[in-house]
Amino acid sequence: MLVVCSKSTSKYAPEGYKQFIVTEPPTEKILEQAKSIDSVLAIGGGAVLDTAKIICKNPISCWPTTAAGSSDTEHSVYWKGERKMNYKSFTQI
């Protein structure tokens, strides 16, 4: 399992797992890693959850730090220049 988190939420990550630290909203460059990880735990808010959903092949496990509800959807966003783009991460069962 890969833990996707921000610098500030990395301290809550379980020990012994590799971390992917998100420092800014995802850009189209994240698509190079799309669906490359089987299992992801996301700890954080918008950019963290979007990044986790893009790189994970399956629905993510998450500890959201916001109440927006994006952890419950199959959609995430990334930025292509100044345009906000939609990415359908997985199919909900």
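S.K.: Honestly, the pattern of salt bridges in this entry has me stumped. Any pointers?
M.R.: Once their charged atoms are close, side chains differing in charge can pair, the charge on each being opposite to the other. Applying the stated criterion across every chain, the model contains three salt bridges. Of the charged contacts, one joins Lys29 and Glu32 as a salt bridge, the two residues approaching to 3.5 Å between their closest N and O atoms. For the pair formed by Lys29 and Glu32, the shared burial category is exposed. Across the pair Lys88 and Glu74 runs a salt bridge whose closest N-O atoms are separated by 3.3 Å. Pair noted here: Lys88 is in strand β6 (residues 83-88) and Glu74 is in the loop between β4 (61-64) and β5 (75-80), with a separation of 14 residues, a long-range link.

S.K.: I keep staring at the sheet that holds strand β3 (residues 40-44) and nothing clicks. Help me out?
M.R.: Backbone hydrogen bonds hold the strands of a sheet together, and the pairing may be parallel or antiparallel. If you trace the four strands from one edge of the open sheet to the other, you get β2-β1-β3-β4, paired in parallel fashion. Each edge of the sheet is formed by a strand with only one pairing partner; in this case those strands are β2 (18-21) and β4. Here the strands of the sheet are splayed against their neighbours by 20° on average, with no regard to which way each runs. Bridge count for strand β1 (residues 2-5) against β3 is four bridges, and the pairing is parallel. Across the sheet, the residue bridging to Cys5 is Ile43, located in β3. On top of the sheet, helix α1 (residues 46-55) reaches β1, β2, β3 and β4; it is set at about 170° to β3, its chief contact.

S.K.: What is the right way to look at the nonpolar core in this model?
M.R.: Across soluble globular proteins, nonpolar side chains have a tendency to be buried as a group. The biggest cluster of nonpolar side chains holds 16 residues, and the ones touching the most others in it are Val4, Val40, Ala42, Ala52, Ile55, Ile60 and Tyr78. Looking at this core, the elements that each hand over two or more residues are β1, β3, α1 and β6. Once residues lying within four places of it in the same chain are set aside, the contact partners of Val40 are Met1, Leu2, Val4, Ala52, Ile55, Cys56, Ile60 and Ser61. Val3, Cys5, Ala13 and Leu41 belong to the second largest nonpolar core, which has five residues in total.

S.K.: What is the right way to look at the environment of Glu24 in this model?
M.R.: Mapped onto the elements, Glu24 comes out in the loop between β2 and β3. The sequence separation of Glu24 and Thr51 amounts to 27 residues, and the corresponding C-alpha distance is 9.8 Å.

S.K.: What am I meant to see in the environment of Val22 here?
M.R.: The residue Val22 is located in the loop between β2 and β3 in this model. Between the C-alpha atom of Val22 and that of Lys7, which follows or precedes it by 15 residues, the distance is 7.3 Å. What Val22 contacts, discounting residues up to four positions off in sequence, is Val4, Cys5, Ser6, Lys7, Ala47, Val48 and Thr51.

Conventions and cut-offs
- Residues numbered from 1 in each chain as written.
- Predicted model: local features only at pLDDT ≥ 70, side-chain atom pairs only at ≥ 80, totals over all residues.
- Heavy atoms only, no water.
- Salt bridge = Lys/Arg side-chain N within 4 Å of Asp/Glu carboxyl O.
- Buried < 20%, exposed > 50% of the residue type's maximum accessible area, 1.4 Å probe, protein only.
- Helix = DSSP H or I, 4+ residues; strand = E, 2+ residues; numbered from the N terminus.
- Pairing = 2+ DSSP bridges.
- Axes fitted to C-alpha atoms, helices over the stretch in contact; angles between N-to-C directions.
- Contact = heavy atoms within 4.5 Å.
- Core = buried A, V, L, I, M, F, W, Y, C linked by side-chain atoms within 4.5 Å.

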